Amino acid sequence: MPKAKITFDDISQTVNVPAGCRVIEISEKIGAGIIYGCREGDCGTCMMEVVEGWNNLSEPSVLEEKVLRDNMAKRHNRLACQAQILGDCKVKPA
Amino acid sequence: MSRLANDPAQSARGLAQGSPGAIPITAGVHWIGALDPQLRTFDIILRTANGTTYNSYLVRGDQGVAVIDTVKLEFADDFFRRLESVADYAEIRAIVLNHLEPDHSGALPELMRRAPQARLYISTRATSMLKAVLKPKESDRPFEYQTVGTGDEVSLGSRTLRFLHTPFLHWPDTQCTYLVEDAVLFSGDVFGCHYCDARLFNDLVGDFRFSFDYYYAHIMRPFKEHVVEALKLIEPLPLKIVAPTHGPILRERPRRYVTHYRELSTSSLTERIGNEALSLIVFYMSAYGSTARMAECIAAGAEETPGVRVSLYDLEGGETGPFVDLIEEADALAFGSPTINGDAVKPVWDLLSSLAVVNLKGKLGAAFGSYGWSGEAVRMIEDRMRGLKMRVPVAGLRLKLIPTDEELAECRDFGRRLASALVGGEQGRVIDFADLG
């Protein structure tokens, strides 16, 4: 199974994960600082900044893009409950 | 016209006798809100021993009128009657909602129907809530609105409204509106309280000090860091009147309420201790002493880490209020609970369900406990802490019944790892997904 490395910049910890995992599945277990509200891509609470590897996350859906817009997301912000890890990346709470 | 020349004192007495008219609060500004003296509970969480008010205001410039906030839907008739006593709907150029909570936006849809030419001004964060509040039907005329941020202004000719973006006080979309020429701050729920007195002004009403502090403790306290940010915008303003959306209008020494907010938002515990160390608090309940022994060893292990100050508390010997104060100031919390009938014990849940009034975001959490059969409590507490937006950096520790010496050593190690995470000692680790558990 393809693997990828995700680094949580706020706690400086890296996890080797199977490609396709959502960020939420990892960040909660490791105790990273990204926080969650609805966990289903609606509230925008889990907005994160992708510091490196922007192209190594799954494309945002139309709904995620709308929530990002509503929450005044900056470039390279994503929802951690939606984004799937496809390759190496580094993230931190937005 | 006499609408602007009413005698405030006379009008205040009139209101106390049930007069339906608007109350002048300064030249060109009227209170057009509603009194709700029968309310005894607000928003489920607040007791309101003598009710509340829903304050809305009308500002008149020489080129039009602005309405600032409306009232709860049930009180719309009072609001419209008072509005009509001082203005025609056709004169309204601007409607400002300082936040969209239903007790202030209840009469908004009808006001927009009656004043279709008026433009609605809301904060930049309010857009997503507007549709949810107005619930427009497809057949409705699309409503027009403009989002505004700090420094944006709306001119009414001789009077100017300037906006201050003050998010999370107490809704994400909260803003304050400042009437520049008259130094009136329409502060929304900030500086408000649930206190109903028809005399309306802080120099005329009864003693509302308790209500003011109680309101702050339940509504603003969870957002202290945002209060401090908002105060940076508010404190430099000349202030003759602070006009909140609930409770008395603050016209006598308004600045002391601003100062009081500054005091309430400053951490009293930290100032008294003056301690630079990071604080870890270990709370526990224990039936036969096993979870207590775990707690002592975890605390001892954590104490070995320089820069971490550990406190140990048996929940059986304390009350929720002071514990909530301690938790607000702590950097990390560990909760120990035995598992009884598949659950953590009630005192633990009592404390964990009393934390909505403090900000826990980013604090570290950990759970541990001794159990007899199944040991569900630890995972449940961890889930609750994550739900409270805490980080849980070390997987919980569960031990079956009486801890052995080896298991107590494991507890000390658990304390060390928690303290290490607190001071950032876990940084740089590479972990495999399979080891996350």
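Helix and strand counts for chain A come out as two helices and five strands. Taken from N to C terminus, the helices and strands of chain A fall in the order β-β-α-β-α-β-β. Relative to the compact-globule value of 12 Å for 94 residues, chain A shows a C-alpha radius of gyration of 12 Å, a close match. The buried share among the 94 residues of chain A stands at 37%. Taking all contacts inside chain A whose residues are at least 6 apart in sequence as the whole, residues at least 24 apart take part in 64%.

This part covers the interface of chain A and chain B. Chain A puts 17 residues into the contact, and the matching count from chain B is 19 residues. Contributions of two or more residues to the side of chain A that touches chain B are made by strand S2 (13-18) and helix H1 (23-30) of chain A. Of all the elements, S2(A) adds the most residues to the side of chain A that touches chain B, at six residues. When grouped by side-chain class, the residues that make up the side of chain A that touches chain B number eight nonpolar, six polar and three charged.

On to the nonpolar core, then. All names here are of chain B. Formed by 76 residues in total, the largest nonpolar core has its most connected members in Tyr-57, Leu-58, Val-59, Ala-66, Ile-95, Leu-185 and Ala-243. For this core, the leading source of residues is helix H6 (residues 209-220), giving five residues. Not counting residues within four places of it along the chain, the set of residues in contact with Leu-185 comprises Cys-176, Tyr-178, Ile-234, Leu-237, Leu-239, Val-242 and Ala-243. Leu-333, Ala-367, Met-390 and Leu-397 belong to the second largest nonpolar core, which has 47 residues in total.

All names here are of chain B. Geometrically, the link from Leu-169 to His-170 is a cis peptide bond, its omega value of 5° lying close to zero. Tracing the chain through its elements places His-170 in the loop between strand S13 (160-165) and strand S14 (175-179). Although it is not a glycine, Asp-69 sits at a positive phi angle of roughly 65°. The class of Asp-69 is buried, set by 30 C-beta atoms lying within 10 Å.

All names here are of chain B. Sheet architecture is open: five strands sit in the order S18-S17-S19-S20-S21, paired in parallel fashion. Each end of this open sheet is capped by a strand with a single partner; those strands are strand S18 (308-314) and strand S21 (397-400). Ignoring which end each strand starts from, the neighbouring axes of this sheet average 15° apart. Where strand S17 (residues 278-284) lies against strand S19 (residues 332-336), five bridges are found, and the strand directions are parallel. Following the sheet pairing, Val-282 is matched in S19 by Ala-334. Sheet contacts for helix H13 (residues 377-387): S19, strand S20 (364-371) and S21; angle to S20, the most-contacted strand, approximately 165°.

Residues and elements named next belong to chain B. For Leu-239, the position within the fold is in the loop between helix H7 (224-234) and strand S16 (241-244). C-alpha separation for the pair Leu-239 and Pro-254, spaced 15 residues apart in sequence, amounts to 6.8 Å. Discounting chain neighbours no more than four positions away, the residues touching Leu-239 are Ala-183, Leu-185, Pro-254 and Arg-255.

Next up on the list: H1(A). When we look at burial in H1(A), the residues that qualify are A:Val23, A:Ile26, A:Ser27, A:Glu28 and A:Ile30. Of the surrounding secondary structure, the elements contacted by the buried residues of H1(A) are strand S1 (3-8), S2, strand S3 (47-52) and strand S5 (89-93) of chain A together with H13 and strand S22 (430-432) of chain B. Among the residues trailing H1(A), A:Gly31 stands out with phi positive, at a value near 80°.

Take helix H2 (residues 76-84) of chain B next. Residues of H2(B) that are buried: B:Phe79, B:Arg82 and B:Leu83. For H2(B), the buried positions fall inside an angular range of 100° around the axis, keeping them on one side.

A few words now on the packing of helix H10 (residues 290-303) of chain B against helix H14 (residues 405-422) of chain B. Residues and elements named next belong to chain B. Contact pair H10 / H14: the axes reach a minimum separation of 7 Å and the direction vectors enclose 45°. One finds that H10 runs oblique with respect to H14. Read as a crossing pair, H10 and H14 show a hand that is right-handed. Within the contact between the two elements, H10 uses Arg-293, Met-294, Cys-297, Ile-298, Ala-299, Ala-300, Gly-301 and Ala-302 and H14 uses Leu-408, Cys-411, Arg-412, Asp-413, Phe-414, Gly-415, Arg-416, Leu-418 and Ala-419.

Cut-offs applied
Counting restarts for each chain, with residues numbered from 1 along the sequence as it is written. To read the labels, note that chains go from A and ligands from 1, taken in the order they are written. In view of the model being predicted, local features appear only for residues whose pLDDT reaches at least 70, and side-chain atom pairs are presented and counted only at 80 or more, with totals across whole chains, interfaces and linings using the full set of residues. Per the convention used, a helix needs a DSSP run of H or I reaching at least four residues, while a strand needs a run of E reaching at least two, with both numbered from the N terminus. For the radius of gyration, the atom set is restricted to C-alpha positions; the globular benchmark scales as 2.2 Å times the number of residues to the power 0.38. Buried residues are those with 20 or more other C-beta atoms within 10 Å of their own C-beta, exposed residues have 12 or fewer, and partly exposed residues lie in between; C-beta atoms are placed from the backbone. By the convention adopted here, residues are in contact when the distance between their C-beta atoms, placed from the backbone, does not exceed 7 Å. Residues are grouped as follows: Ala, Val, Leu, Ile, Met, Phe, Trp, Tyr, Cys and Pro are nonpolar; Asp, Glu, Lys and Arg are charged; every other residue, Gly included, is polar. The nonpolar core criterion groups buried Ala, Val, Leu, Ile, Met, Phe, Trp, Tyr and Cys residues into a set whenever they are joined through C-beta atoms within 7 Å. In this description, strands pair whenever DSSP reports at least two bridges between them. Where helices are involved, their axes are fitted lines through C-alpha atoms of the stretch in contact, as for all axes, and angles between N-to-C directions lie from 0 to 180°. Throughout, the arc means the angular range of directions from the helix axis out to the C-beta atoms. An angle counts as roughly parallel when it lies under 35 degrees, as roughly antiparallel when it exceeds 145, as roughly perpendicular when it falls between 65 and 115, and as oblique in every other case. It is the rotation of the near helix from the far one that decides the hand of a crossing: anticlockwise by less than a right angle makes it left-handed, clockwise makes it right-handed.

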